[in-house]
Amino acid sequence: MATTTAAVTLTSDLLSDNMSVSASTTCMKAGTTADGLDQMEYGYVEIASGTAYDIIGNTPTASKASKLYIKNHSTDETYYISVVLDAQAIGKLYGGDWMFIPADFHDANADVEITATGGTNKICYALFHEGTTLVAS
Amino acid sequence: MATTTATITMSSTDLLSDELALSTTATLTTAGTSTGLTGTAGLARKTVSGSHAQYTLFDGSDYTADKAHKLYLKNTSTTAAEYFLITVNAEDVGRLYAGDWALIPWSAHDNDCDIKIDPSANDMTLEYMLLTDD
């Protein structure tokens, strides 16, 4: 099996004492400790302002333990992408921000759509998954 | 100003034929600025006792809309099959299985944009922290 680990560290001085939170997980297939996620998509795209774009072209198997990483590599802090799942706005990734979320893809409409604002946003993404329904040629 | 950073490191030696190594750090700032986030709902731990049901973690109407809030979540369960289904504005985002964590941008764009969790079993525990842009 493939072993992929994802670790996060959050540090801050916004409280009166310093804060540090760390977590690490091995990306496993849904409901198992024996088999890791063994497929991935990785990409880099530049998206012009005002353009909406489905970042995952194929449909991963629904309701699994897929993980989606997106980073906005734009260096202008006023640039951002809006992240929309199945027409519901989730959040915005400003220049330099990243996200790492579980991705359900629970039906054919559960696309991950991003829309760029401010200028041409430079987006890096990776999807770790258990399989996709490939688009027939 | 406060400085809050979030660092992710991803690695695998056998997912691809070559090694995967990814690491990046974001300084979490307010929407469209270089000013650091200054608010937090605190680091918290919630055990959903008794029979499992959907639970509102954060109410969209309590937070300023269209901002750069960030939400950290971790499922502390050690039972592989146990997960929290995370929803935003009634849309299923994904399943956070045992030991998994997430960092989610949240715009709280309207009063219905609640963050809810639905544990798959009784007595599951979630750790979470909301960093707010107010």
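So, here is what we can say about the structure in this document. Everything quoted here is computed from the prediction, not taken from an experiment.

**Thoughts on the overall build of chain B**
Then comes step 1: Along its length, chain B carries zero helices and ten strands.
Then comes step 2: Over its C-alpha atoms, taken along the principal directions, chain B stretches across nearly 45 × 40 × 25 Å.
Then comes step 3: Here chain B holds 134 residues, and the buried ones make up 45% of them.
Then comes step 4: Sequence separation of 24 or more characterises 72% of the internal contacts of chain B that already satisfy a separation of 6 or more.

**With respect to unusual backbone geometry**
The phi angle of most residues is negative, glycine excepted, and most peptide bonds adopt the trans form.
Residue and element names in this part refer to chain B.
Then comes step 1: Of note, D66 is a non-glycine position whose phi angle comes to about 55°, a positive value.
Then comes step 2: At A90, a position not held by glycine, the phi torsion is positive, near 70°.
Then comes step 3: Within the element layout of this structure, A90 appears in the loop between β6 (83-88) and β7 (91-97).
Then comes step 4: Taking the number of C-beta atoms within 10 Å as the measure of exposure, A90 has 12 and is therefore exposed.

**Describing the interface of chain B and chain A**
Then comes step 1: The interface is formed by 51 residues belonging to chain B together with 49 residues belonging to chain A.
Then comes step 2: For the side of chain B that touches chain A, the elements supplying multiple residues, two or more each, are β1 (4-12), β2 (20-27), β3 (39-48), β5 (69-75), β6, β7 and β8 (101-106) of chain B.
Then comes step 3: The element that contributes the greatest number of residues to the side of chain B that touches chain A is β1 of chain B, accounting for nine residues.
Then comes step 4: A class-by-class count of the residues in the side of chain B that touches chain A yields 25 nonpolar, 20 polar and six charged.
Then comes step 5: In this sheet, β1 of chain B lies alongside strand β1 (residues 4-12) of chain A in antiparallel orientation, the contact comprising nine bridges. Residue pairing in the sheet places A7 of chain A in a bridge with T9 of chain B of β1 of chain B.

**Brief notes about the nonpolar core**
Then comes step 1: Ranked by size, the top nonpolar core spans 71 residues in total, and within it F100 of chain A together with L73 of chain B carry the most contacts.
Then comes step 2: Looking at this core, the element that brings in the most residues is strand β10 (residues 124-132) of chain B, giving six residues.
Then comes step 3: Excluding residues that lie within four positions of it along the chain, L73 of chain B makes contacts with I86, L96, W101, A102, L126 and Y128 of chain B.

**A short note on the sheet that holds strand β4 (residues 55-58) of chain B**
All names here are of chain B.
Then comes step 1: Spatially, β4-β9-β6-β7 is the arrangement adopted by the four strands of the open sheet, whose pairing is antiparallel. Where the open sheet ends on each side, the last strands, each with one partner, are β4 and β7. This sheet shows a mean twist of 30° between the axes of neighbouring strands, independent of strand direction.
Then comes step 2: Here β4 runs beside strand β9 (residues 115-119); their pairing, made up of three bridges, is antiparallel. The residue bridging Y55 from the neighbouring strand is I117, located in β9.

**Section: the environment of L68 of chain A**
All names here are of chain A.
Then comes step 1: Note on placement: L68 falls in strand β6 (residues 66-72).
Then comes step 2: On the basis of neighbour count, L68 is assigned to the buried category, with 25 C-beta atoms found within 10 Å.
Then comes step 3: Expressed as a C-alpha distance, the spacing of L68 and M40, which sit 28 residues apart in the sequence, is 9.7 Å.
Then comes step 4: The contacts of L68, once residues within four sequence positions are left out, are I101, A103, V112 and L127.

Reading guide: rules and limits
Residues numbered from 1 in each chain as written. Chains lettered and ligands numbered in written order. Predicted model: local features only at pLDDT ≥ 70, side-chain atom pairs only at ≥ 80, totals over all residues. Helix = DSSP H or I, 4+ residues; strand = E, 2+ residues; numbered from the N terminus. Buried ≥ 20, exposed ≤ 12 C-beta atoms within 10 Å, placed from the backbone. Contact = placed C-beta atoms within 7 Å. Nonpolar A, V, L, I, M, F, W, Y, C, P; charged D, E, K, R; others polar. Pairing = 2+ DSSP bridges. Core = buried A, V, L, I, M, F, W, Y, C linked by C-beta atoms within 7 Å. Axes fitted to C-alpha atoms, helices over the stretch in contact; angles between N-to-C directions.

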